[in-house]
Amino acid sequence: MASTIKLLDNANQIITLLSEIESASHSVITAEIGLPRSSVYRLVDGLAAIGLVRVDDAGIVRLSARWLHLADAAHRSFPEWQHVIDRLETVSTRTGQTSFLSLPTAKGAACIAWSPVKSLVLLSLRPGRLFSFNIGAAGRLLFAYASDDERAGYLESCDFATSTDRSITTPADLLADAEEIRELGWVLSNEDVNLGQAAVGVPAFSRSDRTLGCVSISGLTDDIVGHEHELAAILQAEVAASDAD
């Protein structure tokens, strides 16, 4: 059983890596996840055999189109959030920015849905990706609105990896940030993930059991910073409208 779990974990690491960097050679995968090159070749061959990855003639590995179907299925598996998901397109139309719905996991904020705008800036967050609780609008807001016990657990799992010099780097700073977010009712992420990009996020809740989530928008810093109050008000209005639907 242990060997099976380890095998699945190794395969998951490859899939996660490809979701983050989009494509990689076998040597890059080997370097990034720390497995022997022979093991990487076997795992990639196995994933390709069941249609989860594809390998081109140059040996570059990418996720397969099958993930589009799986993503649609995963999207439909959150009916308690459909009222919010249905509002994302309106949020993007009103703000001119890509919008997201993210939910908390043990290690960070996981994006489960988005509504990308046509002039899509290359953004770090997208469905299936996860942000640590010390960075980004979703990560920091979901940490802020978690219960005391949940925050304690999140702090233990947070490695405080820094994306830029504006990233939060200590538990004390993250707790202080959380208090400020709760007082404000929304969060501004100003280049703490990527330089040149910013985000605004507000809390949202599932229809069935009022589970916490985050609706956010992200784009170029110049389009967000200086307009964050107005953008936060739009997000809050759309979340309130989704609850009324």
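Residues numbered from 1 in each chain as written. Predicted model: local features only at pLDDT ≥ 70, side-chain atom pairs only at ≥ 80, totals over all residues. Heavy atoms only, no water.

Concerning the overall build of the chain
Now for step 1: Across its full length, the chain carries 11 helices and 9 strands.
Now for step 2: The C-alpha radius of gyration of the chain comes to 19 Å, within 12% of the 18 Å expected for a compact globule of 245 residues.
Now for step 3: For the chain, the C-alpha atoms occupy an extent of roughly 50 × 35 × 35 Å along the three principal directions.
Now for step 4: By the burial criterion, 44% of the 245 residues in the chain qualify as buried.
Now for step 5: For the chain, the proportion of contacts with a sequence separation of at least 24, taken over those separated by at least 6, is 57%.
Now for step 6: Accessible surface for the chain amounts to roughly 12400 Å². Of this, 54% is attributable to carbon and sulfur atoms.
Now for step 7: Charge centroids of the chain, computed over 19 positive and 32 negative side chains, lie 7 Å from each other. (Helix = DSSP H or I, 4+ residues; strand = E, 2+ residues; numbered from the N terminus. Rg over C-alpha atoms; globule rule 2.2 N^0.38 Å. Buried < 20%, exposed > 50% of the residue type's maximum accessible area, 1.4 Å probe, protein only. Contact = heavy atoms within 4.5 Å. Areas by Shrake-Rupley, 256 points an atom, 1.4 Å probe, with all protein chains shown as cover. Lys, Arg positive; Asp, Glu negative; His and termini not counted. Charge placed at Lys NZ, Arg CZ, Asp CG, Glu CD.)

Here's the deal with the nonpolar core
Now for step 1: Core analysis: the biggest nonpolar cluster contains 21 residues, and Trp81, Leu101, Val200, Val215, Ile217 and Leu235 have the highest contact counts within it.
Now for step 2: Elements supplying a minimum of two residues to this core: α5 (82-85), α6 (88-95), β4 (98-104), β5 (109-115), β8 (197-205), β9 (212-220) and α11 (228-244).
Now for step 3: Not counting the four nearest positions on each side in its chain, Ile217 is found in contact with Val91, Thr95, Gln97, Thr98, Ser99, Phe100, Ala198, Ala199, Val200, Ile224, Leu231 and Leu235.
Now for step 4: In terms of nonpolar packing, the next biggest core, distinct from the first, is built from 20 residues, Ala109, Leu141, Ala144 and Phe160 among them. (Core = buried A, V, L, I, M, F, W, Y, C linked by side-chain atoms within 4.5 Å.)

Focus on the sheet that holds strand β6 (residues 130-131)
Each strand in a sheet pairs with its neighbour through backbone hydrogen bonds, running either in the same direction (parallel) or in the opposite one (antiparallel).
Now for step 1: Read across the sheet, 6 strands follow the order β6-β5-β4-β9-β8-β7 without closing on themselves; strand pairing throughout is antiparallel. Since the sheet does not close on itself, it has two edges, and those belong to β6 and β7 (187-190), each with one partner.
Now for step 2: Alignment of β4 against β9, held across 5 bridges, turns out to be antiparallel. Bridging from a neighbouring strand, Ser102 pairs with Cys214 of β9.
Now for step 3: Most of the contacts of α11 go to β8, to which it runs at about 30°, and overall it touches β7, β8 and β9. (Pairing = 2+ DSSP bridges. Axes fitted to C-alpha atoms, helices over the stretch in contact; angles between N-to-C directions.)

Observations concerning helix α2 (residues 26-33)
Now for step 1: The complete set of buried residues in α2 reads His26, Ile29, Thr30 and Ile33. Projected onto a plane normal to the axis of α2, the buried residues spread over an arc of 100° and lie on a single side. The exposed residues of α2 that point more than 90 degrees off its buried face are Ala31 and Glu32.
Now for step 2: Positive phi shows up at Gly34, right after α2, with a value of about 75°. (Arc of directions from axis to C-beta.)

Comments concerning α11
Now for step 1: For α11, spanning 17 residues, the distance from its first C-alpha to its last is 24 Å, which sits close to the expected 24 Å at 1.5 Å a residue.
Now for step 2: If you check which residues of α11 are buried, you get Glu228, Leu231, Ala232, Ile234, Leu235, Glu238, Val239 and Ser242. Along the axis of α11, the buried positions cluster into a sector of 160°, meaning they face one direction only. Along α11, exposed side chains directed more than 90 degrees from the buried face belong to His229, Glu230 and Ala244.
Now for step 3: Packed against the buried residues of α11 are α5, α6, β7, β8, β9 and α10 (221-224). (Expected span 1.5 Å × (residues − 1).)

As for the environment of Ile224
Now for step 1: The residue Ile224 is located in helix α10 in this model.
Now for step 2: When near neighbours in sequence (up to four residues on either side) are disregarded, Ile224 contacts Gln97, Leu188, Ala198, Ala199, Val200, Ile217, Gly219 and Leu231.

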